[in-house]
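# Residue-level structure breakdown
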Amino acid sequence: MSSSTVTDGPALPGMSPVLAEVVRSGFVEGRHRGSLVVLAADGSVETALGDVTSPVFPRSANKPMQAAAILRAGLDLSGERLALAAASHSGESFHLDLVQKMLSEHGLAPELVQTPPDLPLDPVEAETYLASGRVRESLTMNCSGKHTAMLAACAANGWPLDSYLHPDHPLQQLALETVRSASGERVEHIGTDGCGAPLMAISLTGLARSFRHFVLADAGTPERRVADAMRAHPEYVAGTRRPDTWLMQALPGVLSKMGAEAVQAVALPDGRALAFKVDDGASRTLGPVLARVLRLMGVESPVLERIAEAPLLGGAERVGEIRAAF
């Protein structure tokens, strides 16, 4: 696996390689460019396609680090609750029920949660939700588990609740330090994520290094506790129809988390890790690219076929697919 395996002809200087192709009726009608890094078990860079050293926004792939910061703040979460704190949940009933339960357990009013009103992330759940006559709500937004845990940590420490998303808030400073220590990098830029929380930019190499750090961390550390909870309860990290869940259910010991704008990070239990970002943010590429990388890393499992499945339809019939191009 190397950059020379990308077959798209000569690229312009600074142009990312093609990671995925859109094939319709045997014709390549589109290409998705991006960057990808694979770390060997010892943490060294084994493969790099494109720019894997410049900062990117990992988006929700940063959530394991944010959940570890919540534990560092002293909040005692475990099991499904800790997995939900690191989640981009689908908005299924068991997700929303646990968010409500966590708010009640910590004496928090739902109005304190500052996620923007949204529909369930999963399209099937969104259709059911709308058919029931409900409207967008803050707790339905996929980051509501993380925000609930953040508020609980603030309440436990006597920290301000109304400003829990401000970059200078003590909890967000802990999150910043956790991202720095896990990635081994300086945070070059802080932005605002879609949910309103501070978002720390690191490189794809730093992101892969972070996931590797979580699976190899000593038992009982915040990082390992987060990794263990996510792997034990993957349905709370994503949902029943989501690739992160499928992968962690099928491959024991694997840690997987996607992020918006087509970001993905995975660590294997032996310390190998990967991270990639598709430049145009097309989430439809995530499964095919992820399955291809894992196969090239020697992973064999029927779940990869399921994850790679990205059909194109024409007249309600399958006429093509999104496929990896490396």
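Numbers given to residues run from 1 along each chain, matching the order in which its sequence is written. Per-residue local features are limited, in this predicted model, to residues with pLDDT of at least 70; the limit for side-chain atom pairs, both in listing and counting, is 80 or more; totals at the level of whole chains, interfaces and linings are taken over all residues. Water and hydrogen atoms were dropped before computing side-chain values, which therefore reflect all heavy atoms in the structure.

## Describing the overall build of the protein
Along the backbone of the protein there are 12 helices and 12 strands. Values of the radius of gyration come from C-alpha atoms, whereas the globule rule sets the reference at 2.2 Å times the count of residues to the power 0.38. Relative to a compact globule of 326 residues, whose C-alpha radius of gyration would be 20 Å, the protein shows 19 Å and is just as compact. By principal-axis analysis of the C-alpha atoms, the protein measures approximately 60 × 50 × 35 Å. Burial here depends on accessible area, computed with a 1.4 Å probe over protein chains only, as a share of the maximum for the residue type. Under 20% is buried, over 50% is exposed, and the range in between is partly exposed. When each of the 326 residues of the protein is scored for burial, the buried share is 54%. Note on definitions: a residue-residue contact is assigned when non-hydrogen atoms from the two residues lie within 4.5 Å. Here the analysis covers contacts within the protein between residues at least 6 apart in sequence; of these, 61% occur between residues at least 24 apart. Surface accessibility in these figures is a Shrake-Rupley result with a 1.4 Å probe; residues are shielded only by whichever protein chains are displayed. For the protein, the exposed area adds up to about 13,300 Å²; of that, 51% sits on carbon and sulfur atoms. A residue counts as positive if it is Lys or Arg and as negative if it is Asp or Glu; His and the chain ends are not included. Charge coordinates come from a single atom per side chain, which is NZ of Lys, CZ of Arg, CG of Asp or CD of Glu. The averaged location of the 37 negative side-chain charges in the protein is 2 Å from the averaged location of its 29 positive side-chain charges. A helix here means a DSSP run of H or I that spans at least four residues, while a strand means a run of E at least two residues long, and both kinds are numbered starting from the N terminus.

## Describing the pairing of strand E2 (residues 27–39)
At least two DSSP bridges between two strands are required for those strands to pair. In this structure, strand E1 (residues 18–24) lies alongside E2, joined through 6 bridges in antiparallel fashion. Within E2, the residue paired with Glu 21 across the bridge is Arg 31. In this antiparallel pair of consecutive strands, E1 and E2, the connection spans 2 residues, and Ser 25 shows a positive phi of 55 degrees. Of the strand pairs in this sheet, E2 and strand E10 (residues 273–278) are connected by 6 bridges, and their pairing is antiparallel. Counted as the bridge partner of Leu 39 is Ala 273 from E10. In terms of strand pairing, E2 meets strand E3 (residues 45–49) through 4 bridges, oriented antiparallel. Paired with Val 38 across the bridge in E3 is Thr 47. Taking the residues between adjacent antiparallel strands as the criterion, E2 and E3 are bridged by 5 residues, where Gly 43 takes a positive phi near 95 degrees.

## Description of the nonpolar core
Grouping buried Ala, Val, Leu, Ile, Met, Phe, Trp, Tyr and Cys residues that are joined through side-chain atoms within 4.5 Å yields what is termed a nonpolar core. One finds Ile 70, Leu 77, Leu 207, Phe 214, Val 226 and Leu 255 to be the most contacted residues of the largest nonpolar core, which totals 66 residues. Every residue in contact with Val 226, bar those within four places of it in the chain, is listed here: Pro 64, Ala 67, Ala 68, Leu 71, Leu 82, Ala 86 and Phe 214.

## Some points on the packing of aromatic side chains
The geometry of an aromatic ring pair is captured by the separation of the ring centres together with the interplanar angle, meaning the angle of the planes. Between rings of Phe, Tyr and Trp, where Trp is taken as its six-membered ring, a pair exists when centres lie within 6.5 Å; planes separated by under 30 degrees are stacked, by over 60 edge-to-face, and by other angles tilted. In total, this model carries 1 aromatic pair according to the counting rule given. For the cation-ring pair, Arg 306 lies above Trp 246, with the distance from its terminal atom to the ring centre recorded as 3.9 Å. The criterion for a charge sitting over a ring is simple: Lys NZ or Arg CZ within 6 Å of the ring centre, and within 35 degrees of the ring normal.

## Some words on the confidence of the model for the protein
A residue's pLDDT is simply how confident the predictor is in it, with values from 0 to 100. Within the protein, residue pLDDT values average 96, and 96% of them lie at 70 or more. Overall, residues 2–7 carries pLDDT values under 50, and its contacts beyond four positions in sequence, including any with other chains, amount to 13 contacts.

## Some remarks on the pairing of strand E8 (residues 255–259)
Counting buried residues in E8 gives 5 out of 5 residues, a clear majority hidden from the surface. Of the two faces of E8, both are covered, the one formed by Leu 255, Lys 257 and Gly 259 as well as the one formed by Ser 256 and Met 258. In this structure, the hairpin formed by E8 and strand E9 (residues 263–267) is closed by a connection of 3 residues, where Glu 261 is found at a positive phi of approximately 60 degrees.

## Side note on the environment of Thr 221
Looking at the secondary structure, you find Thr 221 in the loop between helix H7 (204–216) and helix H8 (222–232). For Thr 221, a relative accessible area of 24% translates into the label partly exposed. Once the C-alpha coordinates of Thr 221 and Arg 284 are considered, the two residues, 63 residues apart in sequence, prove to be 35 Å apart.

## Overview of the side chain of Thr 140
Take Thr 140: it is sitting in the loop between helix H4 (123–131) and helix H5 (144–157). By relative accessible area, which is 1% here, Thr 140 ends up buried. The residues touching Thr 140, leaving out its near neighbours within four places in the chain, are His 89, Leu 96, Asp 118, Leu 119, Pro 120 and Tyr 129.

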